[in-house]
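In case you want the letters, here they are:
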Amino acid sequence: MGFLDTLFGRTKPVQPKLDDLFALPSAAITLQAASGFVPTGSGSVCFRAVEGKTFSDIQDEVRQLLDMDAGKPGGGLPVEVSRDSYGFTWLVSSHMSDEVEALVTDLHAVNSALVDNGFGPQLLCTLVAFRDAEERRLALVYLYKRGTFYPFAPLNGERRDNALELQMKGVLGDDLKIEQDLTKWFPVWGAPGL
Amino acid sequence: MARTRYAPDRGLTVRMTVTMFLLGLVFVAFVVGIILILTAVHASGAAIVLFALVFGGGSAIASLFFSDKIALAAAGARVVTPQEAPELHGVVDRLCALANMDKPRVAIAPTRMPNAFATGRNSKNSVLCVTEGLIDPRPGGLELTKEELEGVLAHELSHVAHKDVQVMTVASLLAIVAALLVRFAFYSELFGGGRRSNDQNAIPVILIILVVSAVVYAVSFLLIRLLSRYRELAADRSGALLTGQPSALASALVKVSNSMSRIPTQDLRAAEAMNAFYFAPAMKLNGQGGPSLSAVFSTHPSLERRLEELAKIQKQLGQVSPK
């Protein structure tokens, strides 16, 4: 924030960074090779809905757009929409395990629809889910405003497997821009699709 | 450049600029006035002015540096970990991620009065404090919804983002120095009167400094209050744009203001010193002055004014096609 913005007490809403999301497919391959975590095929976009009809209309349009391909080969399942207890909206897109690229394309469609309509600042994070053979859960969370990823490994009862998360930070360091500030690795308990 | 629905409020910017310009003008006039007085009478009061400047500046810097600790201690608040208050931290986490800002420490004050404040000299040393009354889910309490609580916290985080503690400290510096000068001039008049009776000029000089300082203090005090009200509107605005829910913030404002007027006065007087930091003023000036005068002295804009501004933002966000 500039000096003038401070002086006048105004914040420019932060526009999301979208491009780094496309590093996910290759990172998924690295992850599988190095640690045995496989994509579940589901991913989600989380945003803060704006009150009023304008925003909900856009949300409906995105949903219809994504559902057009549902059922076709590579098209995935219809999109699920849910609201978490913090009032944030999650759009969950489900594909086959080996369709990470199609999944990222879906997620990007949501991003660009919001950005094109001037609601880019409402995007919070995107989340892609992974599992390993022992059924351990892992998510890669993409922070739109920073353009960085962090691993999130929930255990039962709102606890996190910090060791696993830090291990993944090392594994993925070459493929993804990992968030270096650990205080930004906020927990997303009960995220849909995880 | 991405399209945006978030146009800046030019009117507010202009009013804030004018206020700060006037504050600067008073400051310059004050300094020039003091220098003129002192050169005219060969600097017999220079020590007092210098002392007030050093003392006032020092106390302003100290209050800036320790603002978080002072405010937490005054409110009796305790910093809480994510384990102790997971929901509160969850809301703050999300808002900070949306706004791409550093997460402040989160504290809870054991007060029934529902309110919140944020303070600290920079984003790394900030603390966001809510009272128990604000987050108390018990029936009969305030019963803020998650959205309303989020609105309150977004407003407070905007204060942090706008660096309001720093801005207001700088703005208050002049008033602090002027107030100190009034006091010093008064005491030196009181105790130094006998010694200086031989010096023809000394007594008038001290008197003039006293009068000038008093006027400067009064004018800058009013300007600071005006600036504070604009900063509140700015924080409302940024908070509402951050969450995209101006109505939730508006209804939180109404709930907090209503419950404030129901709380016994004793509790409120204790909170008055903290007023400038709070989400809603804990104590309104009432009685003799009437509504217009209390509006001039108030640290916060009236509820009606704040609701009006939020309604404008709501309209802005609902536009079908962005600019």
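In this text, all values refer to a predicted model and were calculated from it rather than measured experimentally.

### Points about the overall build of chain B
Part 1: Secondary structure assignment for chain B yields 12 helices and four strands.
Part 2: Counting over 323 residues, chain B shows a buried share of 43%.
Part 3: Residue pairs at least 24 apart in sequence account for 74% of intrachain contacts in chain B once pairs closer than 6 positions are excluded.

### Here's the deal with the packing of helix α4 (residues 86-99) of chain B against helix α6 (residues 146-161) of chain B
Residues and elements named next belong to chain B.
Part 1: Relative to each other, α4 and α6 sit at 50°, their axes nearing to 10 Å. Our classification of the angle between α4 and α6 gives oblique. In this structure, α4 crosses over α6, and the sense of that crossing is right-handed. Contact with α4, carried on its side by V91, V92, L95, C96 and A99, involves L149, E150, L153, A154, L157 and A161 of α6 and no other residues of that element.
Part 2: Partitioning the contact of α4 with α6 into residue classes produces 10 nonpolar, no polar and one charged.

### Details of the nonpolar core
Part 1: Within the largest apolar cluster, 98 residues are counted, with the highest numbers of intra-cluster contacts made by L127(A), A139(A), V141(A), L95(B), C129(B), L153(B) and L157(B).
Part 2: A per-element tally of this core places α4(B) first, with eight residues.
Part 3: Excluding anything up to four places from it in sequence, L157(B) contacts L95(B), C96(B), A99(B), M101(B), A118(B) and L128(B).
Part 4: Counting 35 residues, the second largest nonpolar core, distinct from the first, contains L174(B), I206(B), Y217(B) and Y230(B).

### With respect to the environment of R48(A)
Part 1: For R48(A), the location among the structural elements is in the loop between β1 (38-47) and α3 (53-67).
Part 2: We classify R48(A) as buried; it has 22 C-beta atoms within 10 Å.
Part 3: Along the backbone, R48(A) and Y86(A) are 38 residues apart, and their C-alpha atoms lie at a distance of 9.3 Å.
Part 4: Ignoring any residue separated from it by four or fewer positions in sequence, one finds R48(A) in contact with F88(A), Q122(A), L124(A), L98(B), T243(B) and G244(B).

### As for unusual backbone geometry
Part 1: Here E135(A), not a glycine, exhibits a phi torsion of approximately 65°, which is positive.
Part 2: Mapped onto the secondary structure, E135(A) falls in the loop between β4 (123-131) and β5 (137-143).

### Here's the deal with the interface of chain A and chain B
Part 1: Opposite the 33 residues of chain A that make contact, chain B presents 41 residues.
Part 2: Those elements that place two or more of their residues in the side of chain A that touches chain B are α1 (3-8) and β4 of chain A.
Part 3: Classifying every residue of the side of chain A that touches chain B gives 14 nonpolar, 13 polar and six charged.

### Here's the deal with the sheet that holds strand β4 (residues 127-131) of chain B
Part 1: Spatial ordering of the open sheet is given by β1-β2-β4-β3 (chain B), a layout of four strands whose pairing is mixed. Where the open sheet ends on each side, the last strands, each with one partner, are β1 (78-79) and β3 (116-119) of chain B.

### A few points about the sheet that holds strand β6 (residues 148-152) of chain A
Residues and elements named next belong to chain A.
Part 1: Here six strands make up an open sheet; going across it, the order is β2-β3-β1-β4-β5-β6 and the pairing antiparallel. In the strand order of this sheet, the two ends are held by β2 (80-83) and β6, each with one partner. On average, each strand axis in the sheet is tilted by 25° relative to the strand beside it, whichever way the strands run.
Part 2: In this sheet, β5 lies alongside β4 in antiparallel orientation, the contact comprising seven bridges.

### Describing the environment of A118(B)
Residues and elements named next belong to chain B.
Part 1: Relative to the helices and strands, A118 is located in strand β3.
Part 2: The buried category is assigned to A118, around which 27 C-beta atoms lie within 10 Å.
Part 3: C-alpha of A118 to C-alpha of Y278: the two residues are 160 residues apart in sequence and 7.8 Å apart in space.
Part 4: Setting aside anything within four residues of it in sequence, one finds A118 in contact with P104, S126, L128, E156, L157, H159 and V160.

### Some details on the packing of α3(A) against helix α4 (residues 100-116) of chain A
Residue and element names in this part refer to chain A.
Part 1: Orientation of α3 relative to α4, taken along the N-to-C sense of each, is 155°, at an axis distance of 10 Å. As the angle between them shows, α3 and α4 are arranged roughly antiparallel. Taken as a pair, α3 and α4 cross one another with a handedness that is right-handed. Where α3 approaches α4, its residues I58, E61, V62, L65 and L66 are matched on the opposing element by D106, A109, V110 and A113.
Part 2: Looking at the contact of α3 with α4 residue by residue, the classes come out as seven nonpolar, no polar and two charged.

Parameters and conventions
Residues numbered from 1 in each chain as written. Chains lettered and ligands numbered in written order. Predicted model: local features only at pLDDT ≥ 70, side-chain atom pairs only at ≥ 80, totals over all residues. Helix = DSSP H or I, 4+ residues; strand = E, 2+ residues; numbered from the N terminus. Buried ≥ 20, exposed ≤ 12 C-beta atoms within 10 Å, placed from the backbone. Contact = placed C-beta atoms within 7 Å. Axes fitted to C-alpha atoms, helices over the stretch in contact; angles between N-to-C directions. Parallel < 35°, antiparallel > 145°, perpendicular 65-115°, else oblique. Left-handed = near helix turned anticlockwise from the far one by under 90°. Nonpolar A, V, L, I, M, F, W, Y, C, P; charged D, E, K, R; others polar. Core = buried A, V, L, I, M, F, W, Y, C linked by C-beta atoms within 7 Å. Pairing = 2+ DSSP bridges.

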